[in-house]
Amino acid sequence: EDQVTQSPEALRLQEGESSSLNCSYTVSGLRGLFWYRQDPGKGPEFLFTLYSAGEEKEKERLKATLTKKESFLHITAPKPEDSATYLCAVQARNTDKLIFGTGTRLQVFP
Amino acid sequence: ETGVTQTPRHLVMGMTNKKSLKCEQHLGHNAMYWYKQSAKKPLELMFVYSLEERVENNSVPSRFSPECPNSSHLFLHLHTLQPEDSALYLCASSQDGGGTDTQYFGPGTRLTVL
């Protein structure tokens, strides 16, 4: 069964304190792995798509990496405006569905 | 308007009411989706439409009835809902509904069933 597990469930960081969020997945052939950011009361906002192991993508303070079993979202020197829930989703080769994890709620304090 | 819009943003309804959620995408996409997001649970895919044809119905109860009159508009008709149906309902769209199309989400409708 295709599955996505995100950890930690919640993360509190001081401004400037770098850290990583984890997304572990099991899927019958990975077509793509997606990262989204969701602010309270809003819909998910697309961040990255990763397609194959070894691939990396960056956007401002965020960097996403992918292995055959997991993806990491690295946050370098975070700011309070980075506070949000970060969602990971995978798409298997035999379906167009996105399978989502439950997310990591990040809080960055000044 | 840009991106994906949803109305209403908040809805409170009784178990015997009938209401509809509306989604409109301004991205020129051909596929549209309905998702349900409940607290502490992953997003659950409900329905997928590609070129106005339903291609996915993820075992959703019949009290939820989707309608896609054209590739820009998607509705979710609600009737005789249960309190456990209270959730954030999200609409999304993508270019074609196949391959690794990125899905772009609307702001959601927060539904409360009394």
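Structure: see above.
As a starting point, this report considers the structure included with it. Note that this is a predicted model, so its numbers are computed, not measured. (Residues numbered from 1 in each chain as written. Chains lettered and ligands numbered in written order. Predicted model: local features only at pLDDT ≥ 70, side-chain atom pairs only at ≥ 80, totals over all residues. Heavy atoms only, no water.)

1. A short note on the side chain of Thr102 of chain B
Put simply, the rule is: Secondary structure elements follow DSSP: runs of H or I no shorter than four residues count as helices, runs of E no shorter than two count as strands, and numbering proceeds from the N terminus. The contact criterion used is simple: two residues touch if any of their non-hydrogen atoms lie within 4.5 Å.
Mapped onto the fold, Thr102 of chain B is located in the loop between strand E9 (87-94) and strand E10 (104-105). If we skip the residues at most four places from it in the chain, Thr102 of chain B touches Phe34, Tyr36, Phe46 and Thr49 of chain A together with Ser93 and Ser94 of chain B.

2. Examining the nonpolar core
As a rule of thumb, nonpolar side chains are buried together in soluble globular proteins. Note the threshold: Only buried residues count toward a nonpolar core, which is a set of Ala, Val, Leu, Ile, Met, Phe, Trp, Tyr and Cys residues joined through side-chain atoms within 4.5 Å. Only protein chains enter the area calculation, which uses a 1.4 Å probe; residues under 20% of their type maximum are buried, those over 50% are exposed, and those in between are partly exposed.
Among the nonpolar cores identified, the biggest contains 23 residues, and Leu33, Trp35, Leu73 and Tyr86 of chain A are the most heavily contacted of them. Top element by residues in this core is strand E9 (residues 84-92) of chain A. It accounts for four residues. Residue contacts for Tyr86 of chain A: discarding those within four places in its chain leaves Gln6, Leu21, Trp35, Tyr36, Arg37, Leu47, Leu62, Leu73, Gly103, Thr104 and Leu106 of chain A. In this structure, Met13, Met46, Tyr89 and Val113 of chain B belong to the second largest nonpolar core, which totals 22 residues.

3. Thoughts on the sheet that holds strand E1 (residues 3-7) of chain A
All names here are of chain A. Rule in force here: By the convention used here, strands pair only if DSSP detects at least 2 bridges between them. Orientation is described by lines fitted to C-alpha atoms, with helices fitted over the stretch in contact, and by angles between N-to-C directions that extend from 0 to 180 degrees.
Spatial strand order, E1-E3-E8-E7-E6: five strands in an open sheet with antiparallel pairing. The open sheet is flanked by E1 and strand E6 (56-59), the only strands paired with a single partner. The average angle at which neighbouring strand axes cross in this sheet is 15°, direction not considered. In this sheet, strand E7 (residues 62-66) lies alongside E6 in antiparallel orientation, the contact comprising four bridges. Bridging from a neighbouring strand, Glu58 pairs with Lys63 of E7.

4. Quick word on unusual backbone geometry
Across the junction of Ser7 of chain A and Pro8 of chain A, the peptide omega takes the value -10°, indicating a cis bond. Within the fold, Pro8 of chain A resides in the loop between E1 and strand E2 (10-14). Of the consecutive residues Thr7 of chain B and Pro8 of chain B, the connecting peptide bond is found in the cis state with omega at -10°. A positive phi angle, near 55°, is found at Glu60 of chain A, a position not held by glycine. Following the sequence through the fold, Glu60 of chain A ends up in the loop between E6 and E7. On the accessibility criterion, Glu60 of chain A (72% relative accessible area) is exposed.

5. Description of the state of the cysteines
Residues and elements named next belong to chain A. The test is simple: Throughout, disulfides are identified as pairs of cysteine sulfur atoms within 2.5 Å of each other.
Applying the stated criterion across every chain, the model contains two disulfides over all chains. Note that Cys23 is cross-linked by a disulfide to Cys88, the S-S spacing being 1.9 Å. Residues Cys23 and Cys88 share a disulfide whose torsion about the S-S bond is about -65°; that sign makes it left-handed. Of this pair, Cys23 sits in strand E3 (residues 19-26) while Cys88 is found in strand E9, placing the two residues 65 residues apart along the sequence. For the residue pair Cys23 and Cys88, the accessibility class agrees, reading buried in each case.

6. Here's the deal with the packing of aromatic side chains
Put simply, the test is: Here the aromatic set is Phe, Tyr and Trp, taking the six-membered ring for Trp, and pairing holds for ring centres within 6.5 Å; pairs whose planes are under 30 degrees apart are stacked, those over 60 apart are edge-to-face, and all others are tilted.
Enumeration over the complete set of coordinates arrives at nine aromatic pairs over all chains. Ring centres 6.0 Å apart and planes at 45° place the aromatic pair Tyr36 of chain A and Phe100 of chain A in the tilted group. With Tyr36 of chain A in strand E4 (residues 30-38) and Phe100 of chain A in strand E10 (residues 99-100), the pair connects residues that are 64 residues apart, well separated along the chain. Take Tyr36 of chain A and Phe100 of chain A: they sit in the same class, and that class is buried. Three or more aromatic residues joined by ring pairs form one cluster here, namely Tyr36, Phe46 and Phe100 of chain A together with Tyr33, Tyr35, Tyr104 and Phe105 of chain B.

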